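Coordinate analysis (summary)
What follows is the residue order along each chain.
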Amino acid sequence: MNKHNSVPNIRFNGFEDKWKKSELKEIAKIVGGGTPDTNNSNYWNGNINWYSPNEIGKYPYVYSSHKKITNLGLKKSSAKLHPSEKTILFTSRAGIGDMAILKTEAATNQGFQSLELKNNINPYFVYSYGFKIKREAYKLASGSTFLEISKKDMEKINLWFPIRNEQQKIGELFTKLDKLLDLRQQKIGKLKLLKKALLQKLFPKHDAQIPELRFKGFEDDWKKTRIGKIVQYSNSTYSVKDLKQKKGKKSYSVYDATGRQYYSNSFDMDKKYIAIIKDGSNVGAVKLLPARTSVLSTMGYLGAHNSDIVFDYYVFKKLNFKKYKVGSGIPHIYFSDY
């Protein structure tokens, strides 16, 4: 919101009314959930959707739950039946703030404080506002074993709300953006599956001398060779204490095993290379890194030697390096073995 006015900094054309600050209880009925007796078979395997928190948060809408309860189970527990299209499920414990809009009637377990919205409130507007609701819920949450927010505290959360038409406009915008993001993720998922399949087919299996799938024009057998003949190993001497936390005008990236960046006035590798973790729980893990960078001393460098470094990287990703326990018991690999 604009700090001087009760309106956002960017608005659709035609909207000039000020937004109104309201508590959640003014725009929705906050409703908890419950669990029927799990030992009573008459309460389960019915036709009423019944959600747990681990089913919420991946997608904007939910249609069908993993478990279902009967009408008797609903009646004999504190679970409540929420209306479709106007209810936003909101997880209230052990992971506060995951949300989803109900597309079919449903109940939940006690891990929710769900919002049954009033008729003048747009569901996707509130769903898109979830980042703010979650942030405020965490401020009000309490608990010694795990954080949880109560119905009473949920009702007190204050948010700015515009008129219904502006809510509708904003909701429609984020609906389109979320659909585009979902389509992009689906494409990424398919590309990952394709890559996995190609990695299996473009490299020889076990002791085979050729891969199952090859590019046209290549017929020669593949040859076994020692790692030392295709890459050259060297150690890093960089330690965190010698590095800068912020990037300067003439500084170069130095990476640790988690990918975190530090900065130095110099670099070890002037060409693209493979960084390999030589100590610790992820020993043997490799990462392809750009030229004019370095890594910390818990890692080493594998530079191309009469080979293509990108091809080498995918070969090494498939290798299972022999690991040794050094004096401290930390796993370690020795490149002289290869």
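This one's a predicted model, so the numbers in the text were calculated from it and none came from an experiment. (Residues numbered from 1 in each chain as written. Predicted model: local features only at pLDDT ≥ 70, side-chain atom pairs only at ≥ 80, totals over all residues. Heavy atoms only, no water.)

Turning our eyes to something else, we now look at the overall build of the protein. Across its full length, the protein carries eight helices and 19 strands. Principal-axis analysis of the C-alpha atoms places the extent of the protein at approximately 70 × 60 × 50 Å. In the protein, which comprises 338 residues, the share counted as buried stands at 37%. If you take every contact in the protein between residues at least 6 apart in sequence, the share linking residues at least 24 apart comes to 61%. Surface exposure of the protein reaches about 21,300 Å², of which carbon and sulfur atoms provide 51%. Taking the average place of the 59 positive charges on the side chains of the protein and the average place of its 31 negative ones, the gap between the two points comes to 2 Å. (Helix = DSSP H or I, 4+ residues; strand = E, 2+ residues; numbered from the N terminus. Buried < 20%, exposed > 50% of the residue type's maximum accessible area, 1.4 Å probe, protein only. Contact = heavy atoms within 4.5 Å. Areas by Shrake-Rupley, 256 points an atom, 1.4 Å probe, with all protein chains shown as cover. Lys, Arg positive; Asp, Glu negative; His and termini not counted. Charge placed at Lys NZ, Arg CZ, Asp CG, Glu CD.)

Next up on the list: a nonpolar patch on the surface. A cluster of nonpolar side chains, contributed by F12, L173, F174, L177, L180 and L183, occupies part of the molecular surface with about 510 Å² of accessible area. Within the secondary structure, F174 sits in helix 6 (residues 164–201). The class of F174 is partly exposed, set by a relative accessible area of 33%. (Patch = residues over 30% accessible without salt bridge, like charges linked within 9 Å, V, L, I, M, F, W, Y side chains within 5 Å. Salt bridge = Lys/Arg side-chain N within 4 Å of Asp/Glu carboxyl O.)

As a further point, take the layout of surface pockets. Space inside the largest pocket adds up to approximately 890 Å³. Lining the largest pocket are 22 residues, and of these P204, W222, K223, K224 and V315 sit closest to its centre. Elements supplying a minimum of two residues to the lining of the largest pocket: helix 7 (227–230) and helix 8 (309–318). Counting residues per element, the lining of the largest pocket draws most heavily on helix 8, at five residues. Its residues assigned to classes, the lining of the largest pocket shows 10 nonpolar, five polar and seven charged. Forming the boundary of the second largest pocket are 21 residues, of which P8, W19, Y129, F131 and I170 lie nearest the centre. In terms of residue class, the lining of the second largest pocket is built from 13 nonpolar, three polar and five charged. (1 Å grid on protein atoms, 1.4 Å probe; cavity = no way out; pocket = protein on both sides within 12 Å on 5 of 7 lines; lining within 4 Å. Points joined across faces, edges and corners; volume = space filled by probe spheres on them. Nonpolar A, V, L, I, M, F, W, Y, C, P; charged D, E, K, R; others polar.)

Positive phi is not limited to glycine here, since E85 has a value of about 70°. Mapped onto the elements, E85 comes out in the loop between helix 2 (71–75) and strand 6 (87–90).

Note on placement: S236 falls in the loop between strand 11 (231–235) and strand 12 (252–255). A distance of 2.4 Å separates a polar side-chain atom of S236 from the backbone oxygen of V295. When neighbours within four sequence positions are excluded, S236 is seen to be in contact with D268, V295, L296, S297, M299 and Y301. (Polar contact = N/O pair within 3.5 Å; in protein donor to acceptor, adjacent residues only side chain to side chain.)

All right, on to helix 8 then. A turn of α-helix holds 3.6 residues, and therefore any two residues three or four places apart point the same way. Those residues of helix 8 lying buried are I309, D312, Y313 and F316. Along the axis of helix 8, the buried positions cluster into a sector of 105°, meaning they face one direction only. Buried residues along helix 8 sit in contact with helix 7, strand 11, strand 14 (273–277), strand 15 (286–289) and strand 17 (299–304). Where helix 8 starts, the residue carrying a side-chain oxygen 3.2 Å from the main-chain nitrogen of V310 turns out to be D308. (Arc of directions from axis to C-beta.)

Here we take up the pairing of strand 13 (residues 261–264). Here four bridges tie strand 12 to strand 13, and the two strands are oriented antiparallel to one another. Its bridge partner lying in strand 13, V254 is registered against Y262. Joining the antiparallel neighbours strand 12 and strand 13 is a turn of five residues, in which G259 adopts a positive phi near 95°. (Pairing = 2+ DSSP bridges.)

Confidence along the protein averages 91 in pLDDT terms, with 95% of residues attaining 70 or more. Element-level pLDDT for the protein is lowest in strand 18 (residues 324–325), with a mean of 66, against a maximum mean of 98 in strand 6. (pLDDT = per-residue confidence, 0-100.)

Core analysis: the largest hydrophobic core is formed by 28 residues, its most contacted members being L24, L115, V126 and M154. Counting only elements with at least two residues in this core, the list comes to helix 1 (24–27), strand 2 (28–32), strand 6, strand 7 (99–102), strand 9 (113–117), helix 3 (123–128), helix 4 (130–140) and strand 10 (158–161). Element by element, the count of residues in this core is highest for helix 3, at four residues. Non-local contacts of V126, meaning those with residues more than four positions away in its chain, are made with I88, M99, L115, L117, I121, I133 and F161. In this structure, L243, Y255, L296 and M299 belong to the second largest nonpolar core, which totals 14 residues. (Core = buried A, V, L, I, M, F, W, Y, C linked by side-chain atoms within 4.5 Å.)

Attention now moves to the sheet that holds strand 3 (residues 44–51). Pairing in this open sheet of three strands is mixed, and the strands run 5-3-8 from one edge to the other. The open sheet has two edge strands, strand 5 (67–69) and strand 8 (106–108), and neither has a second partner. The mean angle between the axes of side-by-side strands here comes to 70°, regardless of whether they run parallel or antiparallel. (Axes fitted to C-alpha atoms, helices over the stretch in contact; angles between N-to-C directions.)

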